[in-house]
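# Breakdown of the fold
Below, each chain spelled out in residue letters.
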Amino acid sequence: MRSLLPLILIGGILAAVFFVYPDPADPAEENVAAAQEDVVSASQEEDVEAAGSIERSPSDGWTLQRSSEADAALILKVVDANQEPVSTFDLFVVDLDKQVHKISGEQGSFPFADIQSIDGVFVLGDHTWSEYLSLDAAADPDSAKTLTANLLYASSTLEVSLRTDDGAPAAQPWLEITALGKSDVAKAYLRSQLGTPAKATGSNGMIRIEDVPPAEFSFTTYLEDYVPVTETIEFSTAGGVKAIEVTMKAAGQASGRVVAERQPFAGATVALLPVGQDADLFGRSLDAFRSHGVMPDSVLKTQITTSDADGNFSFPSNLPGKYEVLIFAENFLPAIHTAKEEIFPRQNTNLGEFALTEGFSLGLFVQNEEGEPLENVEVRWNRYASNSILSLTREASLPTVTTDEEGRVTLTGLPAEHLSLTLQHEDYARHQEDYDFSGRAEAAGDLLEVTLIPGASIAGLIMDGTSGSPIQAAEIELFDSTDAESLIGFFGSGDWETESREDGTFHFSNLAAGEYTITAKHDEFSET
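Residues numbered from 1 in each chain as written. Predicted model: local features only at pLDDT ≥ 70, side-chain atom pairs only at ≥ 80, totals over all residues. Heavy atoms only, no water.

## Here we look at the overall build of the chain
The line we're drawing: Strands are runs of DSSP state E lasting at least two residues, helices are runs of H or I lasting at least four, and both sets are numbered from the N terminus onward. With a 1.4 Å probe rolled over the protein chains alone, any residue whose accessible area is under 20% of its type maximum counts as buried; one over 50% counts as exposed, and the rest are partly exposed. Two residues qualify as a contact provided that any one of their heavy atoms is within 4.5 Å of a heavy atom in the partner residue. Here the open area of atoms and residues is found with the Shrake-Rupley method and a 1.4 Å probe, where only the protein chains shown may cover a residue.
Each helix and strand counted, the chain has two helices and 40 strands in total. In the chain, which comprises 528 residues, the proportion classed as buried is 44%. In the chain, once contacts between residues fewer than 6 apart in sequence are set aside, the share between residues at least 24 apart is 69%. Surface accessibility of the chain: about 27,600 Å² in total, with carbon and sulfur atoms responsible for 47%.

Dropping the structure here:
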């Protein structure tokens, strides 16, 4: 059954509640969502056969044909802010494999014999940068054969001064730096000059990087036996020197052992998390780990390791203090332990031995009303919570398993308690049901049969409250009001999302019978 429900975007906030009842005689309309991805095509690097001298990138031996201007496929003009030719410059050429090659240029231009193997270029001259210039349009035979690189953006210098916590200059520090945001020039420049990952070394307490393009960067400083420090910095188009002072704190080492059934266990994921940094709002991050071993965002990559063949693990660089030890392995229950021993600087602390507990497994067979097995059904499970405020982990963030061509899938590592299962298929209504597995101890599980039924749909219209005109590209979110998480749904994304079409209409399909809440928002209107 479909109902056309107009929503009018005007001042104020309105939460609309709809009741939906399935009607098998009226199948739901498909909701087609277009997704766009940047596709990077890769090609084998080939020598260019056009006539002309060969320019060779001194850093990697990559070759590029320089042509005479009369025979050039493209002439790159390089000018300064006054539109005057730049006498000498560094040309950075990005090939189709996104590799960056640095070549010297002069006299304000560079004539390319062929540009078929080039994605784009950017230029540095007199400590000033151009924008990233894509050669897609230039490759068109009907396009202009001249491209101008305007040197408009002053480069910057990053100076990082590093001292240890006792005041001494850091002897042999290094840093790894990453360009944030969408700056193609910054990302390509780092790959060209500093490698992947982009790494710079220093001495006597100083690391210096010159000609940094304007962009936002994140960098992490390292020093052996000291705790890494991460900073974020932004360089403007005005250029200049950014001086950053970093104090490196002495690290403490930590080690421990993982066992299962009193035997060493290899391959367990082990993480350290300082006590007090173990949760976001209402402890949601650790809830996801306790259920599924999903590592919290607050855990640093340097604080995650794996147990070896003897079950041992170690962490070489840790801030002093008390830690939580997070341990997870397939088919076992994720566990969080508070380390009995505190980590001290310049000491190796034994955190102890940690035993894994095996979870039970549950087989699922999913079918339709005709008894036909359903393939590609997405299955999620979560710990059941009767209080929605205590169950903030949204299902979309949880791992998913999928049924095979026989409609079967096995869930492993389940805790023996009250669980909620959610099943989704593009042609059927979402199925959610709670099960009590309390007291289940054995690893081998039973087979659970689930039948999916066709769903209903909701259709609506988004209009301008003043003119009555339809509104395109409004963001529509649909919340299941019967879901235990729906009470906090307004603080996150909806259970279903779409956008209004050119005529203002929208719809959601394959919905189970129940009560739903819809919100609509657009940048030019108040949320409804």
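So that's the structure; there's more coming.
## Here's the deal with the sheet that holds strand β20 (residues 240-248)
Rule in force here: The pairing criterion is simple: DSSP has to find at least two bridges between the two strands. For helices, the fitted line uses only the C-alpha atoms of the stretch in contact; every axis is such a line through C-alpha atoms, and the angle between N-to-C directions lies from 0 to 180 degrees.
Spatial ordering of the open sheet is given by β17-β14-β20, a layout of three strands whose pairing is mixed. Both outer strands of the open sheet, β17 (206-212) and β20, are each paired with one neighbouring strand and no more. With strand direction ignored, the average angle separating the axes of adjacent strands in the sheet is 15°.

## So, the nonpolar core
In summary, soluble globular proteins display a tendency toward joint burial of nonpolar side chains. Here is the rule: We call a set of buried Ala, Val, Leu, Ile, Met, Phe, Trp, Tyr and Cys residues a nonpolar core when their side-chain atoms join them within 4.5 Å.
Ranked by size, the top nonpolar core spans 26 residues in total, and within it L158, V160, L175, I177, F217 and F219 carry the most contacts. The set of elements that each furnish at least two residues to this core consists of β14 (156-164), β15 (174-179), α1 (184-194), β17, β18 (216-222), β19 (229-234) and β20. Among residues more than four places away in sequence, those in contact with L175 are V160, A198, K199, A200, I207, I209, F219, T220, T221 and Y222. Among the nonpolar cores identified, the runner-up in size contains 20 residues, and V377, V379, W381 and V450 belong to it.

## A few points about the confidence of the model for the chain
Where the model shows low pLDDT, its predicted coordinates should not be examined in detail. The test is simple: pLDDT expresses, on a scale from 0 to 100, how confident the predictor is about each individual residue.
The predicted model of the chain averages 81 in pLDDT, with 78% of residues at 70 or higher. With pLDDT under 50 throughout, residues 386-396 is counted as low confidence; its partners more than four residues away or in other chains account for 31 contacts.

## Examining the sheet that holds strand β29 (residues 360-367)
Read from one edge of the open sheet, three strands run β32-β29-β35, paired in mixed fashion. Single-partner strands in this sheet number two, and they are β32 (408-414) and β35 (447-451). The mean inter-strand angle of the sheet, taken between neighbouring strand axes irrespective of direction, is 30°. By the bridge criterion, five bridges tie β29 to β35 in an arrangement that is parallel. Each bridged residue has a counterpart across the sheet, and for V366 the counterpart in β35 is V450.

## Observations regarding the packing of aromatic side chains
We count it as follows: Aromatic rings from Phe, Tyr and Trp, with only the six-membered ring used for Trp, were paired whenever their centres fell within 6.5 Å, and each pair was classed as stacked if the ring planes differed by under 30 degrees, edge-to-face if by over 60, and tilted otherwise.
Enumeration according to the criterion identifies 15 aromatic pairs in this entry. Note on F92 and Y189: the rings are 5.9 Å apart at their centroids and 75° apart in plane angle, and the pair reads as edge-to-face. Remark: Y189 occurs in helix α1 and F92 occurs in strand β6 (residues 88-95); sequence separation between them is 97 residues. Comparing F92 with Y189, the two get one shared label, buried. Ring geometry for F122 versus W129: centroids 5.8 Å apart, planes at 40°, classification tilted. Judged by its relative accessible area of 0%, F122 falls in the buried class. By relative accessible area, W129 is classed as buried at 1%. One aromatic cluster is present, formed by F92, F122, W129, Y132 and Y189 through successive ring pairs.

## Quick look at unusual backbone geometry
Put simply, T196 and P197 share a cis peptide bond, and its omega is -5°. Assignment of secondary structure puts P197 in the loop between α1 and β16 (199-201). Of note, N331 is a non-glycine position whose phi angle comes to about 75°, a positive value. Relative to the helices and strands, N331 resides in the loop between β26 (323-328) and β27 (335-338). Its relative accessible area of 33% is what places N331 among the partly exposed residues. At A473, a residue that is not glycine, the phi angle is positive and equals roughly 65°. Relative to the assigned elements, A473 resides in the loop between β36 (456-464) and β37 (475-480).

## Some words on the environment of G276
With respect to the helices, strands and loops of the structure, G276 is situated in the loop between β23 (269-274) and α2 (284-292). Sequence separation between G276 and K322 is 46 residues; the distance between their C-alpha atoms is 9.1 Å.

## Describing α1
If you check which residues of α1 are buried, you get V185, A186, A188, Y189, L190 and S192. Of the residues trailing α1, G195 is marked for its positive phi of about 85°.

## So, the pattern of salt bridges
What counts is decided by this rule: Each reported salt bridge corresponds to a side-chain nitrogen of Lys or Arg within 4 Å of a carboxyl oxygen of Asp or Glu.
According to the stated counting rule, one finds six salt bridges in the structure shown. Between R346 and D165 there is a salt bridge, with the nearest N and O atoms lying 3.8 Å from each other. With R346 in the loop between β27 and β28 (348-356) and D165 in the loop between β14 and β15, this residue pair connects regions lying 181 residues apart in the sequence. The class of R346 is exposed, set by a relative accessible area of 56%. Classification of D165 by relative accessible area gives partly exposed; the value is 41%. E210 is the salt-bridge partner of R208, the closest N and O atoms lying 3.1 Å from each other. Among the charged side chains, a network of salt bridges with common partners joins E159, R208 and E210.

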